[in-house]
Number of protein chains: 4
Amino acid sequence: MSLINSSTKGVFVIACTPFAEDGSLDGESIGRMVDFYYEKGADGLTILGMMGEAPKLTQAESIEVTKLTLKRSEGKPVVVGVSAPGLAAIGELTKAAMDLGAAGVMVAPPSALRTDEQIVAYYRNVVETVGTDVPVVLQDFPLSTGVQISAKTLGVIFEAHPSIVMLKHEDWPGLQKITDLREAEAKGRRRTSILCGNAGVFLTEEMQRGADGAMTGFAYPEMMVDVVRLSNEGRYEAAQDLFDAYLPLMRYEQQPGLGLAVRKHVLAKRGAIASATQRRPGAPLSALAVKEVETLIERQMRRLDLLR
Amino acid sequence: MSLINSSTKGVFVIACTPFAEDGSLDGESIGRMVDFYYEKGADGLTILGMMGEAPKLTQAESIEVTKLTLKRSEGKPVVVGVSAPGLAAIGELTKAAMDLGAAGVMVAPPSALRTDEQIVAYYRNVVETVGTDVPVVLQDFPLSTGVQISAKTLGVIFEAHPSIVMLKHEDWPGLQKITDLREAEAKGRRRTSILCGNAGVFLTEEMQRGADGAMTGFAYPEMMVDVVRLSNEGRYEAAQDLFDAYLPLMRYEQQPGLGLAVRKHVLAKRGAIASATQRRPGAPLSALAVKEVETLIERQMRRLDLLR
Amino acid sequence: MSLINSSTKGVFVIACTPFAEDGSLDGESIGRMVDFYYEKGADGLTILGMMGEAPKLTQAESIEVTKLTLKRSEGKPVVVGVSAPGLAAIGELTKAAMDLGAAGVMVAPPSALRTDEQIVAYYRNVVETVGTDVPVVLQDFPLSTGVQISAKTLGVIFEAHPSIVMLKHEDWPGLQKITDLREAEAKGRRRTSILCGNAGVFLTEEMQRGADGAMTGFAYPEMMVDVVRLSNEGRYEAAQDLFDAYLPLMRYEQQPGLGLAVRKHVLAKRGAIASATQRRPGAPLSALAVKEVETLIERQMRRLDLLR
Amino acid sequence: MSLINSSTKGVFVIACTPFAEDGSLDGESIGRMVDFYYEKGADGLTILGMMGEAPKLTQAESIEVTKLTLKRSEGKPVVVGVSAPGLAAIGELTKAAMDLGAAGVMVAPPSALRTDEQIVAYYRNVVETVGTDVPVVLQDFPLSTGVQISAKTLGVIFEAHPSIVMLKHEDWPGLQKITDLREAEAKGRRRTSILCGNAGVFLTEEMQRGADGAMTGFAYPEMMVDVVRLSNEGRYEAAQDLFDAYLPLMRYEQQPGLGLAVRKHVLAKRGAIASATQRRPGAPLSALAVKEVETLIERQMRRLDLLR
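Definitions and limits used
- Residues numbered from 1 in each chain as written.
- Chains lettered and ligands numbered in written order.
- Predicted model: local features only at pLDDT ≥ 70, side-chain atom pairs only at ≥ 80, totals over all residues.
- Heavy atoms only, no water.
- Helix = DSSP H or I, 4+ residues; strand = E, 2+ residues; numbered from the N terminus.
- Rg over C-alpha atoms; globule rule 2.2 N^0.38 Å.
- Buried < 20%, exposed > 50% of the residue type's maximum accessible area, 1.4 Å probe, protein only.
- Contact = heavy atoms within 4.5 Å.
- Areas by Shrake-Rupley, 256 points an atom, 1.4 Å probe, with all protein chains shown as cover.
- Expected span 1.5 Å × (residues − 1).
- Least-squares fit on C-alpha atoms with pLDDT ≥ 70 in both.
- Buried area = accessible area lost by both parts, 1.4 Å probe.
- Polar contact = N/O pair within 3.5 Å; in protein donor to acceptor, adjacent residues only side chain to side chain.
- Nonpolar A, V, L, I, M, F, W, Y, C, P; charged D, E, K, R; others polar.
- Axes fitted to C-alpha atoms, helices over the stretch in contact; angles between N-to-C directions.
- Parallel < 35°, antiparallel > 145°, perpendicular 65-115°, else oblique.
- Left-handed = near helix turned anticlockwise from the far one by under 90°.
- UniProt positions renumbered as here; feature names shortened; annotations may be inferred.
- Pairing = 2+ DSSP bridges.
- Phe/Tyr/Trp six-rings, centres within 6.5 Å; stacked < 30°, edge-to-face > 60°.
- Salt bridge = Lys/Arg side-chain N within 4 Å of Asp/Glu carboxyl O.

1. Observations concerning the overall build of chain A
Inference 1: Scanning chain A from terminus to terminus reveals 12 helices and 8 strands.
Inference 2: Taking 19 Å as the expected radius of gyration for a compact globule of 308 residues, we find that chain A reaches 18 Å, a close match to that expectation.
Inference 3: Expressed as lengths along the three principal axes of its C-alpha atoms, the size of chain A is roughly 50 × 45 × 35 Å.
Inference 4: Buried residues in chain A amount to 63% of all 308 residues.
Inference 5: The contacts of chain A with a sequence gap of at least 6 include a subset with a gap of at least 24, amounting to 73%.
Inference 6: Within the structure as shown, chain A displays about 10900 Å² of accessible surface, and the carbon and sulfur contribution to it stands at 54%.

2. Thoughts on helix α10 (residues 236–253) of chain B
Inference 1: Over its 18 residues, α10 of chain B extends 24 Å from the first C-alpha to the last, a length consistent with the 26 Å expected when each residue adds 1.5 Å.
Inference 2: Of all 18 residues in α10 of chain B, 14 are buried; the element is thus mostly enclosed.

3. Considering the relation of the copies chain A and chain D
Related by rotation about an axis and a shift along that axis, the two copies of the chain form a pair.
Inference 1: For the pair chain A and chain D, the best superposition has an RMSD of 0.0 Å and corresponds to a rotation of 180 degrees with a translation of 0.0 Å parallel to the axis. Both chain copies can therefore be described as sitting about a two-fold axis.
Inference 2: An overlap of 100% is found between the interface residues of chain A and their copies at the interface of chain D, pointing to a shared contact surface.

4. Brief notes about the relation of the copies chain D and chain B
Inference 1: Placing chain D over chain B gives an RMSD of 0.0 Å and needs a rotation angle of 180 degrees, together with 0.0 Å of translation along the axis.
Inference 2: Looking at the interface residues of chain D, 100% of them are also at the interface in chain B, so both copies use one shared face.

5. Overview of the interface of chain D and chain B
Inference 1: Listed as interface residues are 10 residues of chain D and, on the opposing side, 10 residues of chain B.
Inference 2: Of the roughly 910 Å² buried between chain D and chain B on both sides combined, carbon and sulfur atoms contribute 46%.
Inference 3: Together, Arg 114, Glu 117 and Gln 148 of chain D form the three largest contributors to the area buried by chain D at its contact with chain B, with a combined 53%.
Inference 4: In this structure, the connection of chain D to chain B is made through 5 residue pairs in polar contact (both at pLDDT 80 or more).
Inference 5: Here the side of chain D that touches chain B takes 3 residues from helix α4 (residues 116–130) of chain D, the largest share from any one element.
Inference 6: Here the residues of the side of chain D that touches chain B sort into 1 nonpolar, 5 polar and 4 charged.

6. A closer look at the packing of helix α4 (residues 116–130) of chain C against helix α6 (residues 151–160) of chain C
Residues and elements named next belong to chain C.
Inference 1: Where α4 contacts α6, the two axes come as close as 10 Å, and the packing angle between them is 30 degrees. Relative to α6, α4 is oriented roughly parallel. Considering how the two elements wind past one another, α4 and α6 form a crossing that is right-handed. Counting all contacts with α4, which are made through Asp 116, Ile 119, Val 120 and Tyr 123, the residues of α6 involved are Thr 153, Val 156 and Ile 157.
Inference 2: For the contact of α4 with α6, the residue count by class is 5 nonpolar, 1 polar and 1 charged.

7. Regarding the packing of helix α2 (residues 59–73) of chain B against helix α3 (residues 87–100) of chain B
All names here are of chain B.
Inference 1: Relative orientation of the contacting elements α2 and α3 amounts to 25 degrees, with a least axis distance of 10 Å. Considered as vectors, α2 and α3 are oriented roughly parallel to each other. The element α2 and its partner α3 pack so that their crossing is right-handed. Residue-level inspection shows Gln 59, Ile 63, Thr 66, Lys 67 and Leu 70 of α2 in contact with α3, the latter providing Glu 92, Ala 96, Ala 97 and Leu 100.

8. Description of the UniProt feature "binding site: pyruvate" (unreviewed entry) in chain A
Residues and elements named next belong to chain A.
Inference 1: According to UniProt, the "binding site: pyruvate" (unreviewed entry) feature falls on Met 215.
Inference 2: Mapped onto the elements of the fold, Met 215 is located in strand β8 (residues 213–216).
Inference 3: Discounting chain neighbours no more than four positions away, the residues touching Met 215 are Phe 12, Ile 14, Thr 46, Val 79, Met 106, Met 166, Lys 168, Leu 195, Cys 196 and Gly 197.

9. As for the sheet that holds strand β1 (residues 10–14) of chain A
Residue and element names in this part refer to chain A.
Inference 1: Strand order in the closed barrel formed by 8 strands is β1-β2-β3-β4-β5-β6-β7-β8, and the pairing between neighbours is parallel. Each neighbouring strand pair of the sheet contributes to a mean axis angle of 25 degrees, computed without reference to strand direction.
Inference 2: Direction of pairing for strand β6 (residues 164–169) relative to strand β7 (residues 193–196): parallel, over a ladder of 4 bridges. From the neighbouring strand, His 169 faces β7, where its bridge partner is Cys 196.

10. A word on the side chain of Asp 212 of chain B
Residue and element names in this part refer to chain B.
Inference 1: Mapped onto the elements, Asp 212 comes out in the loop between α8 (203–209) and β8 (213–216).
Inference 2: A distance of 2.7 Å separates the side chain of Asp 212 from the side chain of Arg 182, its partner in a polar contact.
Inference 3: If sequence neighbours within four positions are ignored, Asp 212 has contacts with Thr 8, Lys 9, Gly 10, Arg 182, Arg 191, Thr 192, Ser 193, Ile 194, Leu 195 and Met 207.

11. Overview of the packing of aromatic side chains
Inference 1: What the rule picks out here adds up to 26 aromatic pairs over all chains.
Inference 2: The rings of Phe 218, Tyr 220 and Tyr 246 of chain A are connected pair by pair, giving a single aromatic cluster.

12. Some words on the pattern of salt bridges
Inference 1: Here the structure, examined in full by the defined rule, presents 108 salt bridges over all chains.
Inference 2: Arg 279 of chain D is the salt-bridge partner of Glu 61 of chain D, the closest N and O atoms lying 2.7 Å from each other. Pair noted here: Glu 61 of chain D is in helix α2 (residues 59–73) and Arg 279 of chain D is in the loop between α11 (258–269) and α12 (287–307), with a separation of 218 residues, a long-range link. A single burial state applies to Glu 61 of chain D and to Arg 279 of chain D, both of which are buried.
Inference 3: Of the charged contacts in the structure, one is a salt bridge between Arg 229 of chain D and Glu 233 of chain D, with a shortest N-O distance of 3.5 Å.
Inference 4: Overlapping salt bridges bring together Lys 9, Arg 182, Glu 185, Arg 191 and Asp 212 of chain A as one network.

13. Concerning unusual backbone geometry
Inference 1: Cis rather than trans, the peptide bond between Arg 280 of chain B and Pro 281 of chain B has omega equal to 5 degrees.
Inference 2: In this fold, Pro 281 of chain B is placed in the loop between α11 (258–269) and α12 (287–307).
Inference 3: One non-glycine residue with positive phi stands out, namely Leu 48 of chain C, at about 60 degrees.
Inference 4: Within the element layout of this structure, Leu 48 of chain C appears in the loop between β2 (44–47) and α2 (59–73).

14. So, the environment of Leu 247 of chain C
Inference 1: One can find Leu 247 of chain C in helix α10 (residues 236–253).
Inference 2: A C-alpha to C-alpha distance of 9.6 Å links Leu 247 of chain C and Phe 202 of chain C, two positions 45 residues apart in sequence.
Inference 3: If we skip the residues at most four places from it in the chain, Leu 247 of chain C touches Leu 247, Pro 248 and Arg 251 of chain B together with Val 201 of chain C.

Here it is as structure tokens:
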């Protein structure tokens, strides 16, 4: 069992949860999808996140998804999303996930939090609930949670809780925040891993600002893997060339709510999962949207050919 | 097992969840509290609501609270709060609660809902998830959920789903909404039971506007029982006299967040539960707040003496 | 011309803006209403606040209201609400108001502010815009603005800007905040005047916690005047007796949105203004609401008789 | 004087407001910028919008900007943003703008609106306030306003008010909304012009879904002009090729809050305005951000060269 830590780098793909067309959990596709992600170069996975349709799973199903994913990951690190309205559920899910071999848990702030004090107190309660031996990823996603956490407040939280080892960074705009966090570390604050979300649409700049990699669910994980690798090699121009080829689709996939349907469509098309089915209330892509996505993929392939 | 229906009237007390001083569930106090509520005249109870610290309970504890409450209620109707971020959890909790003998379930809208269409679709999904044989209470509490539902949209939902038999009314201002709903019924729309929340602070006017009773957790349930009874007898002046005697404390108890600490303090003082302990992150009353509450109770007793 | 300062005490009534039945500004009623407020014991007035229908006035009308009110106030302090989406408008309105002889201006935070840093920066910009010689009232009303400011952040703002001399306190719950602010002052922070809003429904406790008075628009300002006076004399029991007599109506008047219609109805009934007319989109009280208010007033009068 | 109407097509650039380095209004740059926009092919302009720093202008300055822009536009249509917290200000600004020769006014919903009824009522009040002879653009920008308006509710508003002739479309995701609106028109509802915002990042798909053009402030208006033209000619592939070349910068410019700084930087660099200065509280681009923008522009130029 490997745990994430404050030096963790690379690409953790946010995994979707595959369902059969009748809406039942598709365990076979979980295995296939996990293989697919690692074949494309993923360093780890994150499951049961916002894109994982976690709220549509029963507790037993959540455990099942965790088990199947961990087994197939063969020791690669898997982070489990445990955000919930109450600390009790967070504690229960964390214990179950860590007992099964998870590498850490991810917690987004509940949307009622407002003042810096409330946010700081919340993460104190989370750490007390899950225990200081469990590595925690703080998900900073104001567009979805409504909670804005300044770089300074993140610093207060990181200082107080060494077990919060990673930031899932998806503030928007968020480039300055990465710079601010790294500058504070340069002045002595302990290091935190920063993996970036937001569908990857700022990954090139984020890497140059000091991010350690990506944690998002773009259906072409090889883009993230290569952009992160090229950036680490200092080959920013090549990274940006590659990034630009994928950007039109990334932009389309970033649409709130709609994004998951796009991702599942592409993953099914690529053979990673058997069906693009979402559980209610998720809706499939319209015929027009499918056509738009197909056009974007065709253009993407042509453009990638030009890069080779 | 009795189910609530669209003619249900009376007082359903929103029950708190008693904990021992070490934070463990206090099963003995659950029994004592249930007895207390019925001795004071409650017609039924509602458990695991926002004031019931439900998010702080594990799933097993939620089941335990439901079991103990239902057993001690000896056939009196108990509504179970099942609001959750996802339909799967709502379905699971509902099944468990109804199997144990609950009288119905209560569902508040998740805070991301905005347009009328989204709200209508949400309750359609809820009814499909729990099944049309389960009586549902729609909790309309914009101050807490951020979701505003117009009287017209409530009507659309009620027309579409006969199994939504009751409105827990706590819009603020909300008197006109009761009038609007009753007028629509007078013109032919099917009847829905309306029990009022908001800590009871508009109970007298609400009864005159056409409410069927109260569903809130004021620590002196006898006030609600008597105001509802007197109102039903047309003795509005007497109802208001009684109400006014309790209003200063009701007002204090209505403070968001702080209210539960006040209620537990008063319930412990009245012997209904052993300890006012809340689970984290709930905080106990400050010494100054305790003094204010004690003063209000003393004055309330003197005033009630004058009414006798 | 008198300016407010950090020692200002007493009752500043939030004045409504009287309109004739055709919606035109009723200058004659402004004079009558100003007289009424001072006759009832007001120490000062606040105009063009949220309850003053300020957004429905043209800039010229706002100036006219300010002029008429200041002239009739004959030297008594008048605070002018200048909250606006942009600093330019705040600067313009402030200059106009102070040139006319206002005692200070009141600024609520715009609803987009979230982090403590953003809130602190906002008030720095406000003070830079209006100038450090203009006394500023910080209106802390999260229920309306959506902006939560902790006691600690208020302290940071007060320390940085001596010209912010007063807090219009209407957080809810808010009693602990008064205690926290006064305790910080006891430890050396400079004093700020605290006048309380929230329709007056916590005025007795607020005075005991250290408030300097009230700043709200309850249509019976004599209640506020007497409660503040009795509290300052240490006669808390008498203050609470008086308060309780008015509480049923205060509670009714506190309803968001509806409250202004109630206030204007009562002020018209008491002869302070000629008409209860609001400008669009304000709506008059329904017949049922009028009946409820009339009943509450009758009961209030009977109860006050008993106190004499 | 030309007015917009329900058939208006093309590109209306959202103009910034140029300031000198000392923060004063830079009238000379207004003229230069207006020329620049039209030279690049703009069909019209929109001023005093969210990106126009309107809240930072005094009323007199707003009038001055309107005058200068209209004069230099020599009969081309100029829409004026008049969103304000109150109807009185909307009425005043509209009258001033239309008297000066504006082609119409744009109104976004205030953020407190929630239910469909409230939204419908708001635009009824707006139309009554400005008069039915003034063409109105409804700005649908939920990310900024927090107000979500369904396609159905837009339809109700459009049916009720023929003077609302245009939708500034910037819902996200929003492609289905364009399809829904056009389908309703195909079934008989009167036509409304749809110009798209959102920094242009979905312009190619939007045009294919039935939009009439763009209304946003991307600092390379020639992209919008050419994409709209190519789309109208059915040359979607060419439109997308061009679009893709600009997308990396568009994406960067779309960052909320930061976007205006990027736009002013690019406009100054291109010689359209003298200085990138924003008024307080706007901040200039950091050195790192400038470098990122410069890199994106260089890459964009190289890519455009390849297309020629």
